[in-house]
Amino acid sequence: MILVTGATGTVGRAVIDGLLELGAPVRALVRRPETAGLPAGVEVVRGDLGEPDSLVPAMRGVESVFLLSSGPELPKHDANIAAAAADSEVSRIVKLSSGRAGDDAATDPIPMWHRAGEDAVRASGIPWTMVRPLGFMSNALHWAPGIRAADTVRAPFGQGRIAVVDPVDIAAVAVRSLVEQGHSGRVYTLSGPQPLSPGEQTDILAEVLGRPLHYVETSADESRSAIIGFGVSPEMADAITALRATALESFTSVVHPTVEQVTGRPPRSFRDWALAHRAEFAN
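Residues numbered from 1 in each chain as written. Predicted model: local features only at pLDDT ≥ 70, side-chain atom pairs only at ≥ 80, totals over all residues. Heavy atoms only, no water.

### Brief notes about the overall build of the chain
Regarding its fold elements, the chain presents twelve helices and nine strands. Its C-alpha atoms give the chain a radius of gyration of 19 Å, within 12% of the compact-globule value 19 Å for 283 residues. Summarising its shape, the C-alpha atoms of the chain cover approximately 55 × 40 × 35 Å along the three principal directions. Relative to its 283 residues, the chain shows a buried fraction of 51%. Within the chain, residue pairs in contact and separated by at least 24 positions form 73% of the contacts whose partners lie at least 6 positions apart. Accessible surface for the chain amounts to roughly 12,400 Å². Of this, 51% is attributable to carbon and sulfur atoms. Averaged over its 25 positive side-chain charges, the chain has a centre that lies 3 Å from the centre of its 33 negative ones. (Helix = DSSP H or I, 4+ residues; strand = E, 2+ residues; numbered from the N terminus. Rg over C-alpha atoms; globule rule 2.2 N^0.38 Å. Buried < 20%, exposed > 50% of the residue type's maximum accessible area, 1.4 Å probe, protein only. Contact = heavy atoms within 4.5 Å. Areas by Shrake-Rupley, 256 points an atom, 1.4 Å probe, with all protein chains shown as cover. Lys, Arg positive; Asp, Glu negative; His and termini not counted. Charge placed at Lys NZ, Arg CZ, Asp CG, Glu CD.)

See below:
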């Protein structure tokens, strides 16, 4: 049995799909089972990463755990999962982390949260694998309303480039790490095939949609306000804005061969990702 946390999110759902394709038994930990909407064949159990007692029954019979958590409570949530797993028969934890968690110079909130979470997983004594993507192609979906309404992408840090990776490729690496031997103690930094600026992503989206789009660089403050407008807390908006600013660093533009090394196939390009999600940007 493989337990998946964050099961209804983009990466978590892709992990579930990948495990089901292999015929692996899957249990999903969700806060609201009645609205999870997960495929048939998935055992759905109620649990909350912030409530340790709820994790104990979820761990029964579990061999491997895919750990996905986010937000300011991430260190505590990861520690709760690690403790529950250590008290059970779990033999493997695969944690979705941050590409910059291994950089001690990264002192903005998100890599620091993940660094603390990684420490908790390591301290559990359970064999682990850390999956560290540099950035998500799916973050471009935040631009969809502006594209549909005004053919415009508004985003900060226009000179920055990130080698963004498809969540499906992140999930594929996680699935291999969950079901195969040989991944314990490994840290997998993941990227897509090329670093892209917001403007370059906009050009690719324009090509896929078959109409001109315009990129407008916004300030960090404007970006933060827009994030809050999506219902994100100010604390989380500050953390996301700080993370986006790291696009100006060379670290985020490095292309890593890890996806192909682990899965045997090259990572999808941003153009391929955009083609798969074309309908979400179309008028």
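There is more to say, and it comes next.
### A look at the nonpolar core
Grouped together as the largest cluster of nonpolar side chains are 31 residues, with contacts concentrated most on Val-4, Val-15, Ile-16, Leu-19, Leu-38 and Phe-66. In contact with Leu-19, other than residues within four places in its own chain, are Ile-2, Val-4, Ala-24, Val-26, Val-175, Leu-178 and Val-179. (Core = buried A, V, L, I, M, F, W, Y, C linked by side-chain atoms within 4.5 Å.)

### Some details on the pattern of salt bridges
Taken as a whole and assessed by the stated rule, the structure comprises 16 salt bridges. Of the charged contacts in the structure, one is a salt bridge between Asp-78 and Lys-95, with a shortest N-O distance of 2.7 Å. Residue Asp-78 is found in helix H3 (residues 74-86), and its partner Lys-95 is found in strand E5 (residues 92-96); the two are separated by 17 residues along the sequence. Residue classification places Asp-78 among the buried residues on the basis of a relative accessible area of 0%. For Lys-95, a relative accessible area of 0% corresponds to the buried category. One salt bridge in this structure joins Glu-200 and Arg-161, with 2.6 Å as the shortest N-O distance. A residue pair is termed long-range when its members are at least 10 positions apart, and Glu-200 in helix H7 (residues 198-209) and Arg-161 in the loop between strand E7 (152-155) and helix H6 (167-179) qualify at 39 residues. On the basis of relative accessible area, Glu-200 is assigned to the partly exposed category, the value being 25%. Among the ionic contacts, a cluster of salt bridges with common partners joins Arg-100, Asp-108 and Glu-249. (Salt bridge = Lys/Arg side-chain N within 4 Å of Asp/Glu carboxyl O.)

### Focus on the environment of Ser-70
By the secondary structure assignment, Ser-70 is in the loop between strand E4 (64-67) and H3. With 110 residues separating them in the primary sequence, Ser-70 and Glu-180 have C-alpha atoms 26 Å apart.

### Some remarks on helix H9 (residues 234-245)
Because an α-helix packs 3.6 residues into every turn, residues spaced three or four apart end up facing the same way. End to end, H9 covers 16 Å across twelve residues, agreeing with the expected 16 Å (1.5 Å per residue, within 8%). Three or more residues of H9 are buried, namely Met-236, Ala-237, Ala-239 and Thr-241. Tucked inside the fold, the buried residues of H9 contact helix H4 (109-123) and helix H8 (220-229). (Expected span 1.5 Å × (residues − 1).)

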